[in-house]
Amino acid sequence: MKRPTEWFIERWILFNGIFSIAAVGLIFFFLTKEGFNLFKHYPLKDFLSGRQWYPISEPPKFGILPLILGSFWVTAGATLIAVPLGVASALFIAEVAKGWIKEYLKVGVEILAAIPSVVLGFVGLVTLVPMVKQMFHIPTGLTALSGAIMLAFMAMPTVVSIVEDALTAVPRSYREGSIAMGATQWQTIYRITVPAAGSGIVAGVMLGIGRVIGETMAVMMITGNAAVIPHTLLQPVRTMTATIASEMGETVQGSDHYFSLFAIGIVLFVITFIINLAADFFLHRKK
Amino acid sequence: MLFLATLVIFTPIATVLFVLIQRGLPEIRWEFLTQMPRMGMRQGGIFPAIVGTFYLVIGTVAIAMPVGIATAIYLSEYAKETRLKRLIEIAIVNLAGVPSVVYGLFGMGLFVLFLHFGSSILSGALTLAMMSLPVIITSSREALSSVPYSFREASLALGATRWQTVKHAVLPHALPGILTGTVLTIARAAGETAPILFTVAAFYLPKLPHSIFDQCMALPYHLYVITTQVPNVRISLQYGTALVLVGLVLGINLIAVLIRAHIRSQKKW
């Protein structure tokens, strides 16, 4: 026979457990509650594939294609930089480094993960942006490339720590077996350890991409915020996240512009939802 | 080759920290930390921003910690391998992946407008708490599940109920680990900008908040404002603010690292 207080406590714990599911539902509900109002007057097709984002012209144009492409370019650039470097240093930390070097590198990754994005944005603004401008002789350094480089540094801690976990989880006996067969350390790494940690590595990369797509502050500060369809990495772009963050302050509540920003939020939510679900699938596949 | 890649990552970090300290440190004086900003933030200190961030972080932890720990207890101690448990796990993974600016939108929709909390410390802290929840849950759960199973068996064998077991045999041993996770959450909440943009942050408010229904300034937003929104702010002022923010966040992280090291040295099993 349970005491009533205990019954109450256990119900309370269960309630909290279910709250996480409710939270996802609540987020989706409140995004759609505001966002769907846009589609009463503005067709969904024009929203997703429109090539012009002029929210305050008359009539306003809410085509988010330039914003999607802006996010895409920055994310693709950041992924191209972060994944090879991130996986390589995860390999170094997990397989090669020993003793105090390993510990220091791990702390380094944690420090990088801890630096607020607004600080990285500021540092990018005063160092990277002038550098990019000079190097490519372009009128402004506020480009997709600057954003991609800075975001690569934000994705790296995620990539490094998850990939390193996956590598460390590979049983020691695999490596010993390989070395005993006469394989060199490098052969062991890329023929045995990396394939064995495969799904963990994929998950790390995907979560890194998810982080980059959702990143807001740094990207808003250093990519130039021009809502045009980009053709090269050396052009200013504007991402979906930066659009929400920079325009929300200027909108009138209940206007189509206001609703359109929530609609962009829905797009972001759906994209990251899919990425995280997929990453989770890869992480749990082996078990 | 691998070492080179590692070097490529770590040299810039070290450089960034070095430059921040070198250019920001001369700015950090007592007046800078304890005075109101003046002249449209081009002069004076960052006191209200520090205080605002402090209130926000306290609020966030006060809200997220009870819910997060209870969820972790449910997942680790009560839930059986059912579809509900899997669903909760998936929900947590997704909460962790929602972009911070989307949390901002959500907080604005639910707390600021729907619940009429307005742009206030309460709305901001609730939004940050929602965002911190997955981190607290995951780390608390890890701490709980690292307590050996035999502890629970011994307690149950003595006739203790489930809750008594959790309360007396499991939680005390998991507490340091839970604390580490919570401290890391604090560090993260202190540095976030996007979720507070539309829920609490004030552009320029040279006074302290009086209640949880007031707006306040916050360090990360203040840094954003003086680096991109206000023209002609002295660069040293920007460096100084950035250094205070980084110092604060890394300092909190250091506390977590120390707690963790302490636990490892004390571990009895």
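Note that the structure is predicted; figures quoted are calculated from it, not measured. (Residues numbered from 1 in each chain as written. Chains lettered and ligands numbered in written order. Predicted model: local features only at pLDDT ≥ 70, side-chain atom pairs only at ≥ 80, totals over all residues.)

## Notes on the overall build of chain A
From N to C terminus, chain A includes 13 helices and two strands. In terms of overall dimensions, chain A has C-alpha extents of about 75 × 75 × 30 Å along its principal axes. Counting all 287 residues of chain A, 49% fall into the buried class. (Helix = DSSP H or I, 4+ residues; strand = E, 2+ residues; numbered from the N terminus. Buried ≥ 20, exposed ≤ 12 C-beta atoms within 10 Å, placed from the backbone.)

## A closer look at the interface of chain A and chain B
Contact with chain A, which involves 61 residues of that partner, is made by 57 residues of chain B. Per element, the largest residue contribution to the side of chain A that touches chain B is 19 residues, and it comes from helix α1 (residues 4-35) of chain A. Across the side of chain A that touches chain B, the residue classes break down as 41 nonpolar, 13 polar and seven charged. (Contact = placed C-beta atoms within 7 Å. Nonpolar A, V, L, I, M, F, W, Y, C, P; charged D, E, K, R; others polar.)

## A closer look at helix α5 (residues 100-114) of chain B
All names here are of chain B. The terminal C-alpha atoms of α5, which comprises 15 residues, lie 20 Å apart, in line with the 21 Å expected from a rise of 1.5 Å per residue. Of all the bends in α5, the largest measures some 30° and sits at G107. Of all 15 residues that make up α5, 13 are buried, and the element is covered over most of its length. H116 sits one or two positions beyond α5 and adopts a positive phi of about 60°. (Expected span 1.5 Å × (residues − 1). Bend = angle between axes of the 7 residues up to and from the residue.)

## Concerning the packing of helix α4 (residues 83-97) of chain B against helix α6 (residues 121-145) of chain B
Residue and element names in this part refer to chain B. Where α4 meets α6, the axes come as close as 8 Å, and the angle between the chain directions of the two elements is 130°. One way to sum up the angle between α4 and α6 is to call them oblique. α6 is crossed by α4, and the crossing has left-handed handedness. Side by side, α4 and α6 meet where I92, L95 and A96 of the first sit next to L133, P134, I137 and T138 of the second. (Axes fitted to C-alpha atoms, helices over the stretch in contact; angles between N-to-C directions. Parallel < 35°, antiparallel > 145°, perpendicular 65-115°, else oblique. Left-handed = near helix turned anticlockwise from the far one by under 90°.)

## Details of the domain arrangement of chain A
Residues and elements named next belong to chain A. Domain assignment breaks chain A into domain 1 (4-35) and domain 2 (45-285). Distance between the C-alpha centres of domain 1 and domain 2: 30 Å. Taken residue by residue, the interface counts six residues in domain 1 and six residues in domain 2. Classifying every residue of the side of domain 1 that touches domain 2 by side-chain character gives three nonpolar, two polar and one charged. (Domains from an automatic or database assignment.)

## Looking at the packing of α5 of chain B against α6 of chain B
Packed helix pairs are specified by the crossing angle of their axes together with the interaxial distance, meaning the distance between the axes. Residues and elements named next belong to chain B. Relative orientation of the contacting elements α5 and α6 amounts to 135°, with a least axis distance of 9 Å. Relative to α6, α5 is oriented oblique. Considering how the two elements wind past one another, α5 and α6 form a crossing that is right-handed. In contact with S100, Y103, G104, G107, F111 and V112 of α5, α6 contributes S123, L126, T127, M130 and M131. In the contact of α5 with α6, the residues fall into six nonpolar, five polar and no charged.

## Examining the confidence of the model for chain B
Within chain B, residue pLDDT values average 86, and 98% of them lie at 70 or more. Two summary scores accompany this predicted model of the complex, namely pTM at 0.89 and ipTM at 0.88. (pLDDT = per-residue confidence, 0-100.)

## Concerning the environment of F213 of chain B
Residue and element names in this part refer to chain B. Among the structural elements, F213 can be located in the loop between α9 (194-197) and α10 (219-229). Note: C-alpha distance between F213 and V200 (13 residues apart in sequence) is 9.3 Å. Beyond its immediate stretch of four places on either side in the chain, F213 contacts F117, G118, S120 and L122.

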